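Residue-level structure breakdown
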Amino acid sequence: MIPVESESTSKEGTKIVYVSKENLFAYMKERKDEGYDILLMVTGIDYKDHLEVVYHLLSTSTGNRLIVKTKTDGEVDSVVPLWAGANWHERETWDLVGIKFKGHPNLKRILLAEGWVGHPLRKDYPLDKKQYVNLKENGEDYVSYDPREGY
Amino acid sequence: MSDSILLTTLDEAMRWGKGKSLWPFTFGLACCAIEMMSAMGSDYDWARFGADVFRDSPRHADLMIVSGTVTKKMAPRIRRLYDQMAFPKYVISMGACASAGGPYVRGYSVVDGVDQVVPVDVYVFGCPPRPEALISALKQLQDGIVSGKVKH
Amino acid sequence: MEDKVIEVNFGPQHPSTHGVLRIKVKLDGEIIMDAYPVIGYLHRNAEKLSEMGAYPKALIYIDRLDYVASLNNELGYVLSAEKLMDAQVPERAQWIRMMLVELNRIASHLVWLGTHGLDMGMLTPYFYCWRERERILRIFDEITGSRLLYNYFAIGGVYSDITPKAIDMIKEFLSDFGSKLEEIQAIFAKNYIYVKRTRDVGKLSLEDALSYGVTGPLLRASGKKWDLRKNQPYLYYDQVNFDIPVRQEGDVYARFQVRIEEMRQSIKIAQQVISKIPEGEFYNKKFSKPMLVRLKGTGDSYVPTESPKGEYGVYLVGDGSTIPYRVRIRSPSFANLSALPIMLKGYKIADLTATVSSLDPVFGEVDR
């Protein structure tokens, strides 16, 4: 058994488990073997002084749900080896919240254009500083702050 | 010479022809695309107004209906598609998002108005506009082309 | 001739991408070796913008996620928000929600069916499907005042009561939609070319489906009897009778069959619901309109619902203020689309449009 830091319950009655980020992968592997066969989503939350990664798990054989939370300063282990579907969710979390996933096969931006500066779902993201996207000759995107470079 | 009866009549005939044979471009972006399809569909049937030949390639089309939110990642592609269209070409900006950013105007990756990317001839308001509104915009565009107010 | 792998771009503008999907396809002759979907062309910052306004204001963006089934989207959000605020909802409102959600599921599947027909080279079913869909939209127009994006479900109930005229319209629609559906199904199922092009195409095994987090009709077409309305009932789904259609094949044709059967079950549910709607309030008086912007939420909640595409829910984190701290949308299309490469590998390029459209991706929801 991998030790958990604390436990609580969410408002709709699902069990929440806090795991330290060193134990995260081992804990998730244990849950996967236990029968949690679907990883519903990966959420990154910016709490200003630290970041938090939230995993929603579902077992379609028993119907159990579990929420796993990990506090981090910006890097956690990837769970792609366990659930292939984590690939896109982790890429999105990296793109929008800026949490790195160690061991991810292809950690690139997914929703925003390659080369975007900053992670928009961080609380300190400057919304008034506009970025513009345009195409290079070979069809790839590039991003700049200069409005004349846009479109 | 340019005022001669023959040329003005020919010009008028050309404009009439351009206005009454618009070929729209199958190009859906977001929610408004569904209403655009409704306008094409059984109940509203905008083939009645002579613009039913939806083309899948920009090379064949002469009317681009920007139906939905234009994001920064999509904007250069829209410009490229517009450049690929052959003259004469017209643009209808459908819905609040395409016209001015709509509810997403405060967002970080949304272009506030497709008129920053391509020149727009008719704006349609609504979120999403009803199919009647789109048909009315089409009629306005046709009338404008026939009367010579709208240049390509 | 030597073997050479070429890369072909599909989209972002293409008549059968259902929006703005781009796929980089690696081809060896006609065989797809690898596919790499590129998304984000409709990224509209729904999560960020929801964090910038009061709780009910987020409904604007939630509506526009899966724009062919907005009521299903709203439902996931208001259920989560109500849990967050410990709000009680009157019974009448819950039954109204249930009925409209089922009607919207039919409308959503009809959009899918019509565009699926277009992708497979059939124009006729598109007109048939739109004719039926317009009837549902007229019902929604009568009830909510809007055709496509309704903003009708509120935290604590619904914004307005349903009228007797709307009830009559719904009854009339439900009475003959079944036979119309037979008609539409026959166009597909009796078409030899359609069946040939979809059988054993785009196969997805159950292990892969679970591993990729695929839910909804796709999972049921791959042989898993999993429907949240039955397995983990919300609203009053435990008080109505219906079946879950399941197919074992996991190909495009199986998904078509599952969705057609789901529409039949939705008719069945709506027919039961319409006789069960009780009299009473349609919203909780504590959550009247002036109060809505002052609602406060604490803790976190995620209520899963079965949207037409799969498991949909909104994970809300509240910090005790009137503005949600974090809004995270679990969108089924996003997870379903991530399994696309394994459905394409080894098939021919001509099967690509069939497979993509069988996923029923809606890009408002994929990119958010």
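Figured I'd write up the structure that's included with this text.

Each helix and strand counted, chain A has two helices and nine strands in total. Helices and strands appear in chain A in the N-to-C order β-β-α-β-β-β-β-α-β-β-β. Based on the C-alpha atoms only, the size of chain A along its principal axes is roughly 55 × 30 × 25 Å. By residue count, 56% of the 151 residues in chain A fall in the buried class. Once local pairs closer than 6 in sequence are excluded, the contacts in chain A between residues at least 24 apart make up 43%. Carbon and sulfur atoms make up 47% of the accessible area of chain A, which amounts to about 6600 Å² in all. Within chain A, the 25 negative side-chain charges are centred at a point lying 2 Å from the centre of the 21 positive side-chain charges.

The next thing to look at is the pattern of salt bridges. Oppositely charged side chains can form a pair if their charged atoms are brought close together. For the coordinates displayed, the defined rule picks out 48 salt bridges over all chains. The closest approach of N and O atoms between B:Glu132 and B:Arg130, which form a salt bridge, is 3.6 Å. On the accessibility criterion, B:Glu132 (39% relative accessible area) is partly exposed. C:Glu261 is the salt-bridge partner of C:Arg264, the closest N and O atoms lying 3.3 Å from each other.

Regular strands place side chains that alternate from one sheet face to the opposite one. Residues and elements named next belong to chain A. As paired strands, strand β8 (residues 132–135) and strand β9 (residues 141–144) are joined by four bridges and run antiparallel to one another. Bridge pairing in β9 places Asn134 opposite Tyr142. Hairpin connection between β8 and β9: a loop of five residues separates the two successive antiparallel strands, and Gly139 in this loop has a positive phi of roughly 95°.

Where strands meet in a sheet, backbone hydrogen bonds hold them as pairs that are either parallel or antiparallel. All names here are of chain A. Strands sit in the order β1-β2-β5-β4-β3 across an open sheet of five strands; the sheet is mixed. Unpaired on one side and paired on the other, β1 (6–9) and β3 (38–46) mark the two borders of the sheet. Here the strands of the sheet are splayed against their neighbours by 20° on average, with no regard to which way each runs. Looking at chain direction, strand β2 (residues 15–18) and strand β5 (residues 65–72) are connected through four bridges and run parallel. Across the sheet, the residue bridging to Lys15 is Leu66, located in β5. Relative to the sheet, helix α1 (residues 24–34) contacts β2, β4 (51–58) and β5, its axis offset from that of β5 by approximately 175°.

Attention now moves to the sheet that holds strand β2 (residues 22–28) of chain C. All names here are of chain C. A sheet is described by the order of its strands in space; here three strands give the open sequence β1-β2-β3, paired in antiparallel fashion. One side of each edge strand has no neighbouring strand; the edge strands of this open sheet are β1 (5–10) and β3 (31–38). Neighbouring strand axes in the sheet, compared pairwise and without regard to direction, differ in orientation by 20° on average. With six bridges connecting them, β1 and β2 associate as antiparallel partners. Note on β2: the bridge partner recorded for Val5 is Asp28.

As a further point, take the side chain of A:Ser59. Secondary-structure assignment places A:Ser59 in the loop between β4 and β5. Engagement of the side chain of A:Ser59 in a polar contact is seen with the side chain of A:Ser61, the distance being 3.2 Å. Once you skip the residues sitting within four places of it in the chain, A:Ser59 turns out to touch A:Gly35, A:Tyr36, A:Asp37, A:Asn64 and C:Trp226.

Now for the interface of chain C and chain B. The interface of chain C with chain B comprises 36 residues on the first partner and 35 residues on the second. When chain C packs against chain B, the two sides together hide about 3200 Å² of surface, and 59% of this comes from carbon and sulfur. Contact with chain B buries surface across chain C, with C:Gln13, C:Tyr41 and C:Arg147 losing the most and accounting together for 20% of the total. Between chain C and chain B we count three salt bridges in total. Taking the shortest distance from any N to any O, the salt bridge between C:Arg147 and B:Glu35 comes out at 2.9 Å.

Rules and cut-offs
- Residues numbered from 1 in each chain as written.
- Chains lettered and ligands numbered in written order.
- Predicted model: local features only at pLDDT ≥ 70, side-chain atom pairs only at ≥ 80, totals over all residues.
- Heavy atoms only, no water.
- Helix = DSSP H or I, 4+ residues; strand = E, 2+ residues; numbered from the N terminus.
- Buried < 20%, exposed > 50% of the residue type's maximum accessible area, 1.4 Å probe, protein only.
- Contact = heavy atoms within 4.5 Å.
- Areas by Shrake-Rupley, 256 points an atom, 1.4 Å probe, with all protein chains shown as cover.
- Lys, Arg positive; Asp, Glu negative; His and termini not counted.
- Charge placed at Lys NZ, Arg CZ, Asp CG, Glu CD.
- Salt bridge = Lys/Arg side-chain N within 4 Å of Asp/Glu carboxyl O.
- Pairing = 2+ DSSP bridges.
- Axes fitted to C-alpha atoms, helices over the stretch in contact; angles between N-to-C directions.
- Polar contact = N/O pair within 3.5 Å; in protein donor to acceptor, adjacent residues only side chain to side chain.
- Buried area = accessible area lost by both parts, 1.4 Å probe.

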